[in-house]
Amino acid sequence: MTGATTPVVRADLIGLLRSDLTAAGFTLDGIAQRLGPVASAALHREQSLPALLATDGADDPCAVLVRLLTLGRPVPSDALAAALPSLGVEGARALGLVVDAPRGDVRATCDLRPYADDAHEWWVASDLSEVATGQTLRPDHVLGIGGASTTLASWTIRRPVDRALDIGTGSGVQALRLASHCDTIVATDISDRALAYAAFTGALAGLQLDLRQGDLLEPVAGETFSLVVSNPPFVITPRTDDMPLFEYRDGGRAGDAVVRALVRQVGAVLEPGGVAQFLGNWEVPAGRTWRDVWSEWLDEQAREGVALDAWVVQRESQDPAEYAELWSRDGGSLPGSADHSMMYAAWLADFAARDVAEVGFGVVTLQRPETDRPTWRSLDRAAGPVAAPMGPAIDAGLRARTWLAEHSDDEVLDVAWSCAPDVTEERHGRPGADDPSVILVRQGGGLGRVVRAGMVLAAYLGVADGGLTARAALDAISGLLDLDAEAVRAELVPQVRDLVADGLLR
Ligand SMILES: C[S@@+](CC[C@H](N)C(=O)[O-])C[C@H]1O[C@@H](n2cnc3c(N)ncnc32)[C@H](O)[C@@H]1O
């Protein structure tokens, strides 16, 4: 099945394609308007029928391009000629975007869809999905924009930097996003087909990506970057002969070894002050916690590599059966089929062989300190909704954690902190009771932290408006409540640090 075509970059044609797509309204807004809210929302859920019905028989350029490039349907050659007036059907053929189909139609060889951030609109090329082709995926399938791509893009810090690296670039979607704030982008992949797609995506955006083939950090050995991102092939996959392997999700290693390898190796390519962010799954053996697992990984990293700060946010965890159910459906196999049952059983056996009780999923942020200060670690759980985009909160959290690592408790007390505007308080108590039995402090943005506060912390947050140092405010509260000021400070400093780290105090 290998060797299927990928689009090719032709400098003389790519600009014509860009202007035709724009003129056709083949943009996020244009497609949303053309399809209407119901079909658009269904398409986001990978349900193509409403969009097919909404464009059936239509010959307007946007509808023709949606049917061809997003829904994978053949379209009449003359309709495509009208939709791409400068490029023409010949040009689309020369770019490797379309081939002839029966009855004078043409069909797409790949998926092409618009993608945007606040300030830019691009297009991302990838293989057609199984929804479009109705076939199970090829082992070297190049994935389009998925939930994981969007999560990583949302959590990425968007500092303007010189050199950035995207490991496992696939369609090139993360590299596109990096282009809005990084001067030079190196993007790697083990798959030549993926690199061809990334080259096309990049060229269509008018970008020069430095594309390199190879395993994880191999292609950039000896180089350094200010920002490294990766949505790696982190899916834990049984290594049995009958298990279909997909390059996009399986890095060819047993268990969670790809993510562990990234943790071990990535420090070597980070400049001082540089940050690496990636997604991952991790196995948690019976009798241990996900924090135990990460402490061991980070200890190993610190022993063997460059010292790094680490902020791991576990977003969800699944038991082995839940994980097997999720991934044996991926790629097109249907629950109840022999294939699906075989894979489900293989996943269960694989996890049982390593005594895995749960699998965590989350976002990892590693930072190389600029000085030789001690490193910090934050291992947080955030299962609920978080800010979107999450990058600004991660950026602020990195800076806050670094500041906290560099300052003593006395220095923390000497700051006049302010309670962030997105923080609210809930008081719960028995009916008729004078005092609340539970006070919850809730963060509206960021990680959406909910902290149970005692009376002193709640009182402090009530007066933390940037006017008084924490020391002065806590001493005043101690006086009012007739408490020992030194004991109150000692108890509250770790709580203040915790709230500063996540931006509830700033
Ligand atoms: C989940 S896809 C991510 C694609 C894209 N970056 C995104 O965010 O949507 C993972 C990519 O990693 C590539 N890959 C798989 N194994 C790899 C390895 N050992 N080293 C580098 N890339 C690898 C796959 O070919 C695939 O393109």
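What counts, and at which threshold
Residues numbered from 1 in each chain as written. Predicted model: local features only at pLDDT ≥ 70, side-chain atom pairs only at ≥ 80, totals over all residues. Heavy atoms only, no water. Axes fitted to C-alpha atoms, helices over the stretch in contact; angles between N-to-C directions. Helix = DSSP H or I, 4+ residues; strand = E, 2+ residues; numbered from the N terminus. Parallel < 35°, antiparallel > 145°, perpendicular 65-115°, else oblique. Contact = heavy atoms within 4.5 Å. Nonpolar A, V, L, I, M, F, W, Y, C, P; charged D, E, K, R; others polar. Near = heavy atom within 4 Å. Polar contact = N/O pair within 3.5 Å; in protein donor to acceptor, adjacent residues only side chain to side chain. Areas by Shrake-Rupley, 256 points an atom, 1.4 Å probe, with all protein chains shown as cover. Expected span 1.5 Å × (residues − 1). Buried < 20%, exposed > 50% of the residue type's maximum accessible area, 1.4 Å probe, protein only. Pairing = 2+ DSSP bridges. Salt bridge = Lys/Arg side-chain N within 4 Å of Asp/Glu carboxyl O. Phe/Tyr/Trp six-rings, centres within 6.5 Å; stacked < 30°, edge-to-face > 60°. Lys NZ or Arg CZ within 6 Å of the ring centre and 35° of its normal.

### Brief notes about the packing of helix H15 (residues 391-406) against helix H19 (residues 485-501)
At a minimum axis separation of 8 Å, H15 and H19 run at an interaxial angle of 150°. Overall, the two elements H15 and H19 adopt an arrangement that is roughly antiparallel. Packed against H15, whose contacting residues are Gly397, Ala400, Arg401 and Leu404, the element H19 presents Arg497, Val500 and Ala501 at the interface. The residue makeup of the contact of H15 with H19, split by class, is four nonpolar, one polar and two charged.

### Focus: the site of the ligand
Around the ligand, a shell composed of 18 residues is seen, among which Ser149, Gly168, Asp189, Asp215 and Leu216 lie nearest. Within the side chain of serine 149, a nitrogen or oxygen atom sits 2.7 Å from an oxygen atom of the ligand. Here an oxygen atom of the ligand sits 3.5 Å away from a polar atom, N or O, in the main chain of glycine 170. Relative to its unbound accessible area of 600 Å², the ligand is 96% covered by the protein chains. Among the residues forming the shell around the ligand, the class breakdown is five nonpolar, nine polar and four charged.

### So, H15
Between its first and last C-alpha atoms H15 spans 23 Å; for 16 residues at 1.5 Å apiece the expected length is 22 Å, and the two agree. Listed as buried for H15 are Gly391, Ile394, Asp395, Gly397, Leu398, Ala400, Arg401, Thr402 and Leu404.

### Looking at the sheet that holds strand S3 (residues 105-108)
Taken together, three strands build an open sheet; the order of strands is S1-S3-S2 and the sheet is antiparallel. A single partner strand is all that each edge strand has here, and the edge strands are strand S1 (75-76) and strand S2 (98-101). Sheet contacts for helix H4 (residues 61-70): S1, S2 and S3; angle to S3, the most-contacted strand, approximately 60°.

### With respect to the environment of leucine 216
Relative to the assigned elements, leucine 216 resides in the loop between strand S8 (210-213) and strand S9 (225-230). Separated by 50 residues in the primary sequence, leucine 216 and valine 266 have C-alpha atoms spaced 9.2 Å apart. Setting aside its immediate chain neighbours within four residues, leucine 216 contacts Ile167, Thr188, Arg253, Val258, Ala261 and Gln265.

### Quick notes on the pattern of salt bridges
Two side chains bearing opposite charge may form a pair once their charged atoms approach each other closely. All told, the structure shown has 35 salt bridges when counted by the stated rule. Ionic pairing is found between aspartate 502 and arginine 401, a salt bridge with its closest N-O pair at 2.6 Å. Here aspartate 502 is found in the segment after H19, whereas its partner arginine 401 is found in helix H15, with 101 residues between them in sequence. Of the two residues, aspartate 502 and arginine 401, neither departs from the other in class, the shared state being buried.

### Points about the packing of aromatic side chains
Under the criterion given, the structure shown has nine aromatic pairs. Ring plane angle 50° and centroid distance 6.4 Å describe the contact between tyrosine 323 and tryptophan 327, whose orientation is recorded as tilted. With tyrosine 323 and tryptophan 327 both in helix H13 (residues 320-329), this residue pair falls four residues apart, about one helical turn. An angle of 75° between the planes, with centres 5.5 Å apart, marks the rings of tyrosine 323 and phenylalanine 351 as edge-to-face. Remark: phenylalanine 351 occurs in helix H14 (residues 338-353) and tyrosine 323 occurs in helix H13; sequence separation between them is 28 residues. When sorted by exposure, tyrosine 323 lands in the same class as phenylalanine 351, which is buried. Through pairs of rings, three or more aromatic residues link up here, namely Trp282, Trp290, Trp294 and Trp297. One residue, arginine 401, lies across the ring of tryptophan 311, its end atom 3.6 Å from the ring centre.

### Section: the sheet that holds strand S6 (residues 161-167)
Reading across from one edge, S8-S7-S6-S9-S10-S12-S11-S13 is the order of the eight strands in this open sheet, with mixed pairing throughout. The outermost strands of the open sheet, each flanked by one partner alone, are S8 and strand S13 (377-381). Along the sheet, successive strands turn relative to each other by an average axial angle of 20°, direction set aside. Note: S6 against strand S7 (residues 182-189), six bridges, orientation parallel.

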